[in-house]
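Residue strings, one per chain:
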Amino acid sequence: MQTEAMVMRATGGPEVLERATIELPEPGPREVRIRVHAVALNHIDLWGRRGLPNYRYEFPHRLGADVAGVVEALGPGALNAKVGDRVVVNPGLSCGACERCLLGEDTFCKSYRLMGENAQGGYSRHIVVPDANVLPMPKRLSFTEAASLPLCFLTAWQMVVRKGQVRPGQTVLVQAAGSGVSSAAIQISKMLGARVITTTSTDEKAARARSLGADEVINYTSQDFVAECKKLTNKKGVDVVIEHVGGDVFAKSILAAAWGGRVVTCGATTGFTPTIDLRHIFFRQVEVLGSTMGPKGDLFGILRLVDEGKLQPVVDRVMPLWDAADAHRLLEARQVFGKIVLEVD
């Protein structure tokens, strides 16, 4: 069938995104076709649009990892969904049959891919995905709210719960409160009983961070977050740092951690090559943990918590899919708190 989409035929600036009619295959065995109603932006959309050496595109390429919509058709033998279901799509694709997948460690599958990154994504009126990637949408949410959840909450859950092992009474530093991952990490950390410190650049973002549960907010444009963290913890430092900024922020995050603390990182939006004094890692026994996405199964529990009102989507604004280029410019300019979501008419 044919459908409309926002595609890129080459890498580059936001201007490479263009509206086009594409051919979409019929759903195959254990696949589902979804009528997309909303797709959220992530920083991987920016990296994907600009291009990285390890990316292999099949042009025209569609970005977009986070999708919410309605099941429109089922392929042979498709499970866990029926036509008409309102669903959220898990963006992680894996074989589902290897040892790591069967252990619930699908992010370590040799064929692991992300929609919109190294597989076709959701910037389209329709998509076809494996049935294993389709989950019931929380009834209390709109499509735009639901689309804002999967990638950032899965990433934050693995960072805070699985890697950071955050416990009641601990102090957690969440860098860059306005990002999707950080707005989720603040909520998850607070739900687990931690004291949450976060960083941001404006009073408006600070107020929004506090509304999500942040106990202390440091304005990194006028304050040294390492010194402030030491002051707020009686010189101890924080137990866990949730970090995705990279560069000098990553290096200073190690200094902000307590002896035996953990620094969990999932990205490097400002630089890949920080200068680190290794003595602060081995002498103070600070653990540095890398993290990418999270197991598919974790999203079921996350969505239940959202449905119960214990976690909430954070949507900055909603724009039409056909304005994706402008949405990319806003995200690049860091004029966002939470998620930009593209609505698909």
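Chains are numbered independently. Their residues run from 1 in the order of the written sequence. Predicted model: local features are reported for residues with pLDDT of at least 70 only, side-chain atom pairs are reported and counted for 80 or more only, and whole-chain, interface and lining totals are derived from all residues. For side-chain calculations, the full set of non-hydrogen atoms in the structure is used, while hydrogens and water are omitted.

Things to note about the sheet that holds strand E10 (residues 171-174)
Two modes of strand pairing occur in sheets, parallel and antiparallel, and in both the strands are linked by backbone hydrogen bonds. Note the cut-off: One bridge is not enough; two strands pair if DSSP finds at least two bridges between them. Put simply, DSSP marks the helices as runs of H or I at least four residues long and the strands as runs of E at least two long, and each gets a number from the N terminus on. The axes are straight lines fitted to the C-alpha atoms, using for helices just the contacting stretch, and the angles between their N-to-C directions are given from 0 to 180°.
Pairing within the open sheet is parallel, and its six strands lie in the order E12-E11-E10-E13-E14-E15. The outermost strands of the open sheet, each flanked by one partner alone, are strand E12 (216-219) and strand E15 (287-290). Recorded for the sheet is a direction-independent mean angle of 20° between the axes of neighbouring strands. The pairing of strand E11 (residues 195-200) with E12 spans four bridges and is parallel. Paired with Thr198 across the bridge in E12 is Val217.

Section: the nonpolar core
Test applied: Residue types Ala, Val, Leu, Ile, Met, Phe, Trp, Tyr and Cys, when buried and joined through side-chain atoms within 4.5 Å, form a set referred to as a nonpolar core. A simple rule labels every residue: compare its accessible area, found with a 1.4 Å probe on the protein chains alone, to the largest value its type can have, and call it buried under 20%, exposed over 50%, or partly exposed in between. Any pair of residues with heavy atoms lying within 4.5 Å of one another is described as a contacting pair.
In this structure, Phe153, Ile186 and Ile242 are the most contacted members of the largest nonpolar core, which totals 54 residues. Residue assignment for this core shows that the elements contributing at least two residues are strand E3 (31-40), helix H3 (143-147), helix H4 (150-163), E10, helix H5 (180-191), helix H6 (203-211), strand E13 (238-243) and helix H10 (298-307). Top element by residues in this core is H4. It accounts for eight residues. Contacts of Ile242, omitting those with residues within four sequence positions, involve Met159, Val160, Val172, Leu173, Val174, Gln175, Ala185 and Val264.

Side note on a nonpolar patch on the surface
This is how it is decided: Patch building starts from residues that exceed 30% relative accessible area and form no salt bridge, then joins like charges within 9 Å and nonpolar side chains (Val, Leu, Ile, Met, Phe, Trp, Tyr) within 5 Å. Areas reported as accessible are Shrake-Rupley estimates using a 1.4 Å probe. Residue values count occlusion only from the protein chains shown. Salt bridges are defined as contacts in which a side-chain nitrogen from Lys or Arg sits within 4 Å of a carboxyl oxygen from Asp or Glu.
Together, Trp259, Ile276, Leu278, Phe282 and Phe283 give the surface a local cluster of nonpolar side chains, amounting to about 610 Å² of exposed area. You can see Ile276 is positioned in the loop between strand E14 (257-265) and helix H9 (279-282).

Quick notes on unusual backbone geometry
Of note, the amide linkage connecting Phe59 to Pro60 takes the cis form, showing an omega dihedral of 0°. Structurally, Pro60 is set in the loop between helix H1 (43-50) and strand E4 (66-74). One non-glycine residue, Gln165, lies in the positive phi region at around 50°. Among the secondary structure elements, Gln165 is positioned in the loop between H4 and E10.

What to know about the pairing of E10
What counts is decided by this rule: Orient the strands so they point away from the viewer; a crossover is then right-handed if the path from the first strand over the helix to the second runs clockwise.
The two faces of E10 match: Thr171 and Leu173 on one face and Val172 and Val174 on the other face are all buried. The sheet contact formed by E10 and E11 spans four bridges and is parallel. Looking at E11, one finds that Thr171 is bridged to Arg195. For the crossover from E10 across H5 to E11, the handedness is right-handed. Note that E10 and E13 share three bridges and pair parallel. Bridging across to E13, Val174 finds its partner in Ile242.

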